[in-house]
Amino acid sequence: MDLNALDTRGPSDEGEWVTITNPATYQPTDIRIRVLGPDSKRFTEAADRHRRALKKSGADADRLGAEFLSDITLEWDGVESEQDGELKPLQLSRDNAIWAYTQYPELARQVTRFAVNVGNFTRS
């Protein structure tokens, strides 16, 4: 067996796209988010920060989870928010990502499930 088939670090560092599905219909939406994988150094550093912060008394778990997800989010497509009465693209920034992941728990759930599954970050 070629050991390259076991390489999860490279794909984890590059990130992979997750397509967000509508939770009512299970149909794909236009939202795609590229996230780091669990064998990425940046991912493990963010996870370590998250674990340390969770141990602090009075920590807001939802906010910390959103901060973790924002740290592993590389880019996104199709994310829109109402601005001045109309839908407009929401630019990726740390603050916007934290807001989206906090405001929309299903978004955070789907990204988390994808990002922690190392099988999503293989070359085979």
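See the structure above.
The following refers to the structure shown. (Residues numbered from 1 in each chain as written. Predicted model: local features only at pLDDT ≥ 70, side-chain atom pairs only at ≥ 80, totals over all residues. Heavy atoms only, no water.)

A word on the overall build of the chain. A tally of regular secondary structure across the chain gives 5 helices and 5 strands. Taking the principal axes of its C-alpha atoms as reference, the chain extends roughly 55 × 40 × 25 Å. Counting across all 124 residues of the chain, residues that qualify as buried make up 33%. When contacts within the chain are restricted to residue pairs at least 6 apart in sequence, long-range pairs at least 24 apart make up 59% of them. Surface summary for the chain: the accessible area is close to 7,900 Å², and the carbon and sulfur share equals 48%. Placing the 16 positive and 21 negative side-chain charges of the chain at their respective mean positions leaves the two points 7 Å apart. (Helix = DSSP H or I, 4+ residues; strand = E, 2+ residues; numbered from the N terminus. Buried < 20%, exposed > 50% of the residue type's maximum accessible area, 1.4 Å probe, protein only. Contact = heavy atoms within 4.5 Å. Areas by Shrake-Rupley, 256 points an atom, 1.4 Å probe, with all protein chains shown as cover. Lys, Arg positive; Asp, Glu negative; His and termini not counted. Charge placed at Lys NZ, Arg CZ, Asp CG, Glu CD.)

The next subject is the layout of surface pockets. A volume near 300 Å³ is recorded for the largest pocket. Those elements giving two or more residues to the lining of the largest pocket turn out to be strand E1 (16-21), strand E2 (28-35), strand E4 (80-83), helix H4 (94-103) and helix H5 (105-115). In the lining of the largest pocket, the residues fall into 10 nonpolar, 5 polar and 2 charged. Put simply, the second largest pocket is a space of about 260 Å³. Taken together, 17 residues form the lining of the second largest pocket, with Gly 65, Ala 66, Leu 69, Ala 108 and Thr 112 sitting closest to its centre. Taken together, the residues that form the lining of the second largest pocket break down as 10 nonpolar, 4 polar and 3 charged. (1 Å grid on protein atoms, 1.4 Å probe; cavity = no way out; pocket = protein on both sides within 12 Å on 5 of 7 lines; lining within 4 Å. Points joined across faces, edges and corners; volume = space filled by probe spheres on them. Nonpolar A, V, L, I, M, F, W, Y, C, P; charged D, E, K, R; others polar.)

Now for the packing of aromatic side chains. Enumeration over the complete set of coordinates arrives at 3 aromatic pairs. Residues Trp 99 and Tyr 104 carry aromatic rings whose centres are separated by 5.7 Å and whose planes lie at 80 degrees to one another, so their mutual orientation is edge-to-face. When its relative accessible area of 35% is taken as the criterion, Trp 99 is described as partly exposed. On the accessibility criterion, Tyr 104 (45% relative accessible area) is partly exposed. We note Arg 32 situated over the ring of Trp 17; from NZ or CZ to the ring centre the distance is 3.9 Å. (Phe/Tyr/Trp six-rings, centres within 6.5 Å; stacked < 30°, edge-to-face > 60°. Lys NZ or Arg CZ within 6 Å of the ring centre and 35° of its normal.)

The next thing to look at is the sheet that holds strand E3 (residues 73-77). Taken together, the 3 strands give an open sheet; going across it, the order is E1-E2-E3, and neighbouring strands pair in antiparallel fashion. Only two strands of the sheet have a single partner each, and these edge strands are E1 and E3. Averaged over neighbouring strand pairs, the angle between their axes works out to 25 degrees when direction is ignored. Bridging between E2 and E3 involves 4 bridges; their strand directions are antiparallel. Within E3, the residue paired with Ile 33 across the bridge is Trp 76. (Pairing = 2+ DSSP bridges. Axes fitted to C-alpha atoms, helices over the stretch in contact; angles between N-to-C directions.)

A surface patch of nonpolar side chains, about 420 Å² in accessible area, is lined by Met 1, Leu 3 and Leu 6. Looking at where Met 1 falls in the secondary structure, it is placed in the segment before helix H1 (9-14). (Patch = residues over 30% accessible without salt bridge, like charges linked within 9 Å, V, L, I, M, F, W, Y side chains within 5 Å. Salt bridge = Lys/Arg side-chain N within 4 Å of Asp/Glu carboxyl O.)

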